[in-house]
Amino acid sequence: MLQSLAGSSCVRLVEQHRSAWCFALLVLGYLLYLVFGAVVFSSVELPYEDLLRQELSKLKQRFLEEHACLSEQQLEQFLMRVLQASNYGVSVLSNASGNWNWDFTSSLFFASTVLSTTGYGHTVPLSDGGKAFCIIYSVIGIPFTLLFLTAVVQRIIVYVTRRPVLYFHIRWGFSKQVVAIIHAMVLGFITVSCFFLIPAAIFSVLEDDWNFLESFYFCFISLSTIGLGDYVPGEGYNQKFRELYKIGITCYLLMGLIAMLVVLETFCELHELKKFRKLFYVKKDKEEDQVHIMEHDQLSFSSISDQAASMKDDQKANEPFVNSQSPTSNDSSLNN
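Computed from a predicted structure; not experimentally measured.

**Overview of the nonpolar core**
Moving on, step 1. Judged by nonpolar contacts, the single largest core of 16 residues is most densely connected at Phe-203, Cys-219, Tyr-252 and Leu-253.
Moving on, step 2. Listed by contribution, the elements that provide at least two residues to this core are helix H6 (176-206), helix H7 (212-223) and helix H8 (242-268).
Moving on, step 3. When sequence neighbours within four positions are dropped, the list of residues in contact with Phe-203 reads Trp-210, Ser-215, Phe-218, Cys-219, Pro-233, Tyr-245, Ile-249 and Tyr-252.
Moving on, step 4. Counting 7 residues, the second-largest nonpolar core is a separate cluster that includes Val-153, Leu-187, Ile-258 and Val-263.

So, in structure tokens, the structure goes:
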């Protein structure tokens, strides 16, 4: 008997705080996912980093042995300066000296990566004025970009998602949930094909050092706004039509970002995902909702009655032919 009562009380306690338990499981799952990613990246990439360090150390020792007149300190100072310039997007190599990082098309590409929060990091402002302007430009431009993308996605999703789903639901009588799921899958497949697979094939042809996997990797890193910056198109030696290529990449990034947001919004409108998200939300107290509703109703009723009374008074005051005599005087005049 006691066990059954304890079990029922535990079940009741879990049901009362269901959203809190779900939120705790969500936080725990996210932390475990972070740890899982760290373990996998460390186990996969650490051996490659060790091999690269060993290779660089051997090259450095061989260079110093072949050039005895150069000290190790001088070589390290030179390499440090080269690395600093490389972090600012300036290369010391002769085959990369022809590409300027701050011509108009490159600056346009940089502005698009800043406003979309992609931020490849291959090109950064050099001067203090450029850094200050980048801060002001981003503070104003990033919210402006979010507003712009939200407005564009809201308009596109009406014609791309909501109307097609309603058309098949009303015209053909299919279930709205089933049509929405199938439509989301089809839209996702079209987006992956048009903004990942086909551009990856194009980049693998236009970029000499990229294969299909690296090109697909660039597309995903860019359109997900991760922007690691290890692969940046249009930076190769003697890139043909570099200015036009940079403008095309800028348009691709903006259109791809809009397409990604449309797909995400389409999936977020699915009934099943809405129910799943509500598991982690804080539920409002019904009594508080009722109190707010009553207060709102009382305010609305009192305001309506006050408005009606004031309107009647205004009408009486504004009537042009109102007899100001008392009722008794009116009766006496009628009797006479």
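Next, the rest of the story.
**Focus: a positive patch on the surface**
Moving on, step 1. On the surface, a cluster of positive charge is made up of Lys-176, Lys-274, Arg-277 and Lys-278.
Moving on, step 2. When residues in the positive patch are grouped by element, the largest group, 3 residues, is from helix H9 (residues 271-278).
Moving on, step 3. Tracing the sequence through the fold places Lys-176 in helix H6.
Moving on, step 4. For Lys-176, a relative accessible area of 43% corresponds to the partly exposed category.

**Some remarks on the UniProt feature "transmembrane region" (unreviewed entry) in the protein chain**
Moving on, step 1. Summarizing the sequence annotation, UniProt attributes the feature "transmembrane region" (unreviewed entry) to residues 21-44, 135-157, 178-203, 215-232 and 244-264 in the numbering used throughout.
Moving on, step 2. Secondary structure across residues 135-157 divides into 100% helix and 0% strand, with the first and last C-alpha atoms of the span separated by 32 Å.
Moving on, step 3. In the segment residues 178-203, helix accounts for 100% and strand for 0%; the C-alpha atoms at its two ends are 36 Å apart.

**Concerning unusual backbone geometry**
Moving on, step 1. Residue Thr-117 is not a glycine yet carries a positive backbone phi of 60 degrees.
Moving on, step 2. Residue position: Thr-117 is located in the loop between helix H4 (104-115) and helix H5 (128-171).

**Comments concerning a nonpolar patch on the surface**
Moving on, step 1. Residues Val-192, Leu-197, Ile-198, Ile-202, Val-205, Leu-206 and Phe-212 make up a contiguous nonpolar surface patch of about 610 Å² in total accessible area.
Moving on, step 2. Considering every element that reaches the nonpolar patch, the biggest residue donor is H6, with 6 residues.
Moving on, step 3. Among the structural elements, Leu-206 can be located in helix H6.

**Notes on the packing of H5 against H6**
Moving on, step 1. Where H5 contacts H6, the axes come no closer than 9 Å and their chain directions differ by 135 degrees. Here H5 is positioned oblique relative to H6, judged by the angle of their axes. The element H5 and its partner H6 pack so that their crossing is right-handed. From H5, Val-160, Thr-161, Pro-164, Val-165, Leu-166, Phe-168 and His-169 reach across to H6, where they touch Lys-176, Val-179, Ala-180, His-183 and Leu-187.
Moving on, step 2. Residues belonging to the contact of H5 with H6 are distributed by class as follows: 8 nonpolar, 3 polar and 1 charged.

**A look at H6**
Moving on, step 1. For H6, spanning 31 residues, the distance from its first C-alpha to its last is 43 Å, which sits close to the expected 45 Å at 1.5 Å a residue.
Moving on, step 2. Along H6, the sharpest change in direction is near 35 degrees and occurs at Ser-193.

The rules behind these values
- Residues numbered from 1 in each chain as written.
- Predicted model: local features only at pLDDT ≥ 70, side-chain atom pairs only at ≥ 80, totals over all residues.
- Heavy atoms only, no water.
- Core = buried A, V, L, I, M, F, W, Y, C linked by side-chain atoms within 4.5 Å.
- Buried < 20%, exposed > 50% of the residue type's maximum accessible area, 1.4 Å probe, protein only.
- Helix = DSSP H or I, 4+ residues; strand = E, 2+ residues; numbered from the N terminus.
- Contact = heavy atoms within 4.5 Å.
- Patch = residues over 30% accessible without salt bridge, like charges linked within 9 Å, V, L, I, M, F, W, Y side chains within 5 Å.
- Areas by Shrake-Rupley, 256 points an atom, 1.4 Å probe, with all protein chains shown as cover.
- Salt bridge = Lys/Arg side-chain N within 4 Å of Asp/Glu carboxyl O.
- Lys, Arg positive; Asp, Glu negative; His and termini not counted.
- Charge placed at Lys NZ, Arg CZ, Asp CG, Glu CD.
- UniProt positions renumbered as here; feature names shortened; annotations may be inferred.
- Axes fitted to C-alpha atoms, helices over the stretch in contact; angles between N-to-C directions.
- Parallel < 35°, antiparallel > 145°, perpendicular 65-115°, else oblique.
- Left-handed = near helix turned anticlockwise from the far one by under 90°.
- Nonpolar A, V, L, I, M, F, W, Y, C, P; charged D, E, K, R; others polar.
- Expected span 1.5 Å × (residues − 1).
- Bend = angle between axes of the 7 residues up to and from the residue.

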